[in-house]
Amino acid sequence: MTEVRPWQVHLPEGSAFDEADLTEAGSLVRAWSSGWARAPEAPVLLDGAATSPDVVAGHRHRPGTWWSGAELEEATRRAAGRLVGAGLVPGDRLLWSTGSSVATLVAHIGALRAGLVVVPANTAYTAREIAHIVTDVRPAAAVVDDPRRGQWASEAASGPFTVFGPELDGPDGDPGPLDVVAPEDPALIGFTSGTTGVPKGAVLSHRNLLASVESVRTAWRWTPDDRLVHCLPVFHAHGLCVGVYGTLLSGASAVLLPGFDPGTALDAMTEPSATLFFGVPTMYHRLVASDRVGALGRLRLCVSGSAPLAAELHRQLSAATGQAVLERYGMTETLMNVSNPYDGERRPGTVGFPLPGVEVMLASDDEILVRGPNVFGGYWERPQATADSFSPDPHGGRPWFHTGDLGAVSDDGYLSILGRSKELIISGGYNVYPAEVEAVLLGHPDVLDVAVTGTQSDEWGEVVTAWVVTAGDGAAPSGLDEFTATRLAPYKRPRLVHVVGELPRNALGKVVRAELRMRSE
Ligand code: MLC
Ligand code: AMP
């Protein structure tokens, strides 16, 4: 076992660090509301959408202008009142599935302030994928920006269920005491498949969220002077827990763009006040192709994560912009674990050093194990899956979480992600689990057998590839695209389909995916 634990590299010169410092504020919601009270006039969020509502949770706001700390305090308080007024009580789950907007973040923050547990869901999910989440966590209500998603959630719900739009139209209610959550209370349930099996909910506590966000705030020197160009979806850890939560904890500001378009993102980066950009490698791949990519060079910090950033792309970006992109490594269950240093070499092809508070160990098979105050306590109502993903510490310390990623450490301590022991495809920063896609494809009448792998792609990292054995003369399954369209989010649908006579299997009957992957090269 190799332990990797050099936090010092992330700390500003001369500063000391104690793990307890990370969670001193108790919870993010408490830290945010005291920050808004200290700087009520400070601009915090700007809706970059072409149209934005002028009333959010009953709070009137002029579209196209910045939301201040005082306004966010007022609007999130009213949002909490509307949710509580609709009968939701602390601990109730709230399904939250919307595009990026200030309105939806007001609803989200209001829910956290009231002690509700937010369950983010990708807006690309089909009825089947939404139903799985609803059946699993039994939310009491949903916030959605598409009535169809609300309908799917209602249909899957077993009891009374309220559907809200992001503006939380409806009567005001008494929110009761706000920001009184305990650090160990659940705050967020992020759906992911872990190292095996069906999508399950990783339950993150308020303490987990605070510890991780405080750690990156320190390591990346995030200050109130920073302004983030935010183009990531808000329903995953990167855009939500790093982008939004980090902005709020730092007393900084963010321009929320409703999606990623290189031209619009570069326009926003050209604004003199912009200092930060966070993206997935696919976004950097598209940015470097623009003749305006130089705009990245004037930012204080550009961060890449969620998927491997090719060393070659890192070098192209440096050459074109003078900006050494900072690559970091995280996951839903742990939030941020490892990061290249703010001061010092940001080495292409590596993810750097464990973040403050995080301990990293390489197991004998090179699997990356992590532990720290950022690491979740377990999967929602799945004690076996939880037990399987942790190893006890022989010395009685915190258990180690198995990431399913494989790593190596250089002599001077930089961690590289070498691959994955878990079956996972990452396409454009979104995770795709072969087992889920295979189960759907097997439901097609022409498909007798199937295996799903990832094929390398410069733009997407990997693209989803299906190897199918079909009935009869080996013709491609008919209407496969229409079949998957109603069952899988677009990013999970196979882009490449190969018809094969049979699948390569080992002596135990398991498909040898490595052989299929080699055939795609
Ligand atoms: C969109 N499509 C994708 C896709 N995103 N297909 C495969 N993989 C993806 N990631 C589909 C679209 O639905 C469309 O399908 C077609 O591809 C072309 O769409 P596009 O317009 O080119 O895509 P775009 O909308 O620009 O989206 C690309 C993207 C987006 C890179 C901006 O995928 C994105 O925002 N990715 C970020 C994901 C993320 O936040 N991950 C963090 C997870 S948290 P059709 O059928 O209509 O043609 C995590 C922890 C950590 O991992 O460490 O951060
Ligand atoms: P998710 O389950 O969506 O949170 O995805 C987490 C997974 O994304 C990790 O287990 C890694 O496999 C992958 N990942 C995140 N950041 C990086 C990175 N910088 N390099 C390589 N893989 C990464």
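One numbering rule holds for all chains: residues counted from 1, following each sequence as written. Key to labels: chains lettered from A, ligands numbered from 1, both in the order written. With the structure being a predicted model, the display of local features is reserved for residues of pLDDT at least 70 and the display and counting of side-chain atom pairs for 80 or more, all residues being used for whole-chain, interface and lining totals. No hydrogens and no water enter the side-chain calculation; it runs on all heavy atoms of the structure.

### Regarding empty space enclosed by the protein
Right, on to step 1. Both cavities and pockets are sets of points on a 1 Å grid over the protein atoms alone; in a cavity a 1.4 Å probe fits but cannot get out, in a pocket the set is open with protein on both sides within 12 Å along at least five of seven lines, and lining residues sit with an atom within 4 Å of a point. Grid points are joined across faces, edges and corners, and a volume is the space filled by probe spheres set on the points. Taken as a whole and assessed by the stated rule, the structure comprises 2 cavities of 30 Å³ or more.
Right, on to step 2. Residue lining of the largest cavity: 15 residues in total, with Pro120, Gly190, Phe235, His236 and Ala237 positioned closest to the centre.
Right, on to step 3. In this text, helices come from DSSP runs of H or I with a minimum length of four residues, and strands from runs of E with a minimum of two, each type numbered from the N-terminal end. Secondary-structure elements contributing two or more residues to the lining of the largest cavity are β10 (186-192) and α8 (237-250).
Right, on to step 4. Residues are grouped as follows: nonpolar covers Ala, Val, Leu, Ile, Met, Phe, Trp, Tyr, Cys and Pro; charged covers Asp, Glu, Lys and Arg; every other residue, Gly included, is treated as polar. Broken down by class, the residue content of the lining of the largest cavity amounts to 11 nonpolar, 4 polar and no charged.
Right, on to step 5. Here the second largest cavity defines a volume of roughly 70 Å³.
Right, on to step 6. In terms of lining, the second largest cavity is formed by 13 residues, of which the most central are Asp47, Ser52, Pro53, His61 and Trp67.

### Quick look at the nonpolar core
Right, on to step 1. To qualify as a nonpolar core, a set must consist of buried Ala, Val, Leu, Ile, Met, Phe, Trp, Tyr and Cys residues joined through side-chain atoms within 4.5 Å. Burial classes follow relative accessibility: with a 1.4 Å probe on protein chains only, a residue under 20% of its type's maximum area counts as buried, one over 50% as exposed, and anything between as partly exposed. By size, the foremost hydrophobic cluster in this structure holds 111 residues, and its most contacted members are Trp32, Tyr245, Met269, Phe277 and Tyr284.
Right, on to step 2. It only takes one pair of heavy atoms within 4.5 Å for two residues to be counted as in contact. Setting aside chain neighbours within four positions, we find Met269 in contact with Val229, Ala274, Phe277, Leu287, Ala295, Leu296, Arg298 and Leu299.
Right, on to step 3. In this structure, Ile130, Ile133, Ala157 and Val432 belong to the second largest nonpolar core, which totals 34 residues.

### Considering the pairing of strand β12 (residues 227-230)
Right, on to step 1. Burial of the side chains of β12 extends over both faces: Arg227 and Val229 are buried on one face and Leu228 and His230 on the other.
Right, on to step 2. At least two DSSP bridges between two strands are required for those strands to pair. Sheet topology note: the β12/strand β13 (residues 253-256) ladder contains 4 bridges and is parallel. Paired with Leu228 across the strands is Ala254, a residue of β13.
Right, on to step 3. Handedness of a crossover: with both strands directed away from the viewer, a clockwise path from the first strand across the helix to the second marks it as right-handed. Read as a crossover between parallel neighbours, the route from β12 over α8 to β13 is right-handed.
Right, on to step 4. With 2 bridges joining them, β12 and strand β14 (residues 276-279) adopt parallel strand pairing. Note that in β14 the partner of Leu228 across the bridge is Leu276.

### A look at the site of ligand 1
Right, on to step 1. Among the 22 residues in the neighbourhood of ligand 1, the closest are listed as Arg286, Ser306, Arg328, Ser427 and Arg495.
Right, on to step 2. In protein, a polar contact requires one atom able to donate a hydrogen and another able to accept it; more generally it is a pair of N or O atoms within 3.5 Å, and residues adjacent in sequence count only if both atoms are side-chain atoms. The separation between an oxygen atom of ligand 1 and a polar main-chain atom of Gly330 is 3.1 Å.
Right, on to step 3. Areas reported as accessible are Shrake-Rupley estimates using a 1.4 Å probe. Residue values count occlusion only from the protein chains shown. Summarising the interface, the protein chains cover 70% of the accessible area of ligand 1, which totals 1000 Å² for the free molecule.
Right, on to step 4. Put simply, the parts of the chain that give the shell around ligand 1 at least two residues each are α8, α10 (281-288) and β16 (326-331).
Right, on to step 5. Of the residues assigned to the shell around ligand 1, the class counts are 11 nonpolar, 8 polar and 3 charged. For this description, a residue counts as near a given molecule or strand if any of its non-hydrogen atoms is within 4 Å of it.

### What to know about α8
Right, on to step 1. Of all 14 residues in α8, 14 are buried; the element is thus mostly enclosed.
Right, on to step 2. Gly251 occupies a position one or two residues after α8 and carries a positive phi of about 70°.

### Looking at the side chain of Asp393
Right, on to step 1. Residue position: Asp393 is located in the loop between β22 (390-391) and β23 (400-409).
Right, on to step 2. Non-local contacts of Asp393, meaning those with residues more than four positions away in its chain, are made with Arg371, Arg398, Pro399 and Trp400.

Everything listed is a geometric property; what it means functionally is a separate question.
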